[in-house]
Structure formats: C-alpha cells, structure tokens
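If you want the building blocks of each chain, they are given just below.
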Amino acid sequence: MPIVVDIDVMLARRKMSVGELADRVGITPANLAVLKNGRAKAVRFSTLAALCEVLTCQPGDLLRWETEGAENAEDAENAEDAAIECGPGGRSLP
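These numbers come from a predicted model, not from an experiment.

Caption draft 1: Inspection of the nonpolar core at higher detail. Within the largest apolar cluster, 19 residues are counted, with the highest numbers of intra-cluster contacts made by Ile7, Leu21, Leu51, Leu55 and Leu62. Among the elements of the structure, α1 (7–14), α2 (18–25), α3 (29–36) and α4 (45–55) are those that each provide at least two residues to this core. Other than its neighbours up to four places away in sequence, Leu21 contacts Ile7, Leu11, Met16, Leu32, Leu51, Val54 and Leu55.

Below is the structure:
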C-alpha cells in the first residue's frame, strides 16, 4: 500500500508504549496495532487528531505516501541484506 504509517517512529521519539498511547487516545491497543502496522483500511480524522495531540506532532509525521515500487524496492533490499547475513538454509554465517 502506498500509504506508510510511522506511528512507531513517533512512539520511539516520545519514549511511549503502544498501550500508553492507546489509553491516552481512547482506542484499544489492538486497533492501534492495526493502524501502526499499516493494516487499517481507514482512519477517522478524530482519531488522527487525537494521535497528533497526544504525540505533539502533525499528521504528516504519522502518515506518508510512497510509490508502490519504492516499497517493493525496500523489501527487495532487506531480503538481499538478509541473504548476505545468512548461509544456506537460512542459518547464520559464523
């Protein structure tokens, strides 16, 4: 999906847990996890506004657009890095 959710980046910057953010925003940790992991189909503006208020950020700090190819290129690069670090059968190299 071309919309990337960077809630985890803001959580790290604010040194806040998913549970604490969910409590302060007023949503369940499970629903926050769905949003955080990019599996949500939609987000209410009221939820986005609450996230921004609690994290003291702008909507663009939480959501960004990438082309479909950029996401696939990043996945391929990560797979390439993993292949370099692992030997045959996925075992770690000494």
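Caption draft 2: Layout of the pattern of salt bridges. A full pass over the atoms with the stated rule returns three salt bridges. Residues Asp6 and Arg64 are paired through a salt bridge, measuring 2.6 Å at the closest nitrogen-oxygen approach. Here Arg64 lies in strand β2 (residues 63–65) and Asp6 lies in the loop between β1 (3–5) and α1, a separation of 58 residues in the sequence. Under the relative-accessibility criterion, Asp6 is labelled buried at 14%. Judged by its relative accessible area of 34%, Arg64 is partly exposed. One salt bridge connects Arg24 with Glu20, and the closest N-O pair in it is separated by 3.5 Å. Here the residue Arg24 and the residue Glu20 both occupy positions in helix α2, the gap between them amounting to four residues, near one helical turn. Relative accessible area serves as the criterion here: at 34%, Glu20 is assigned to the partly exposed category. Because the salt bridges share partners, they merge into one network encompassing Asp6, Arg64 and Glu66.

How each quantity is defined
Residues numbered from 1 in each chain as written. Predicted model: local features only at pLDDT ≥ 70, side-chain atom pairs only at ≥ 80, totals over all residues. Heavy atoms only, no water. Core = buried A, V, L, I, M, F, W, Y, C linked by side-chain atoms within 4.5 Å. Buried < 20%, exposed > 50% of the residue type's maximum accessible area, 1.4 Å probe, protein only. Helix = DSSP H or I, 4+ residues; strand = E, 2+ residues; numbered from the N terminus. Contact = heavy atoms within 4.5 Å. Salt bridge = Lys/Arg side-chain N within 4 Å of Asp/Glu carboxyl O.

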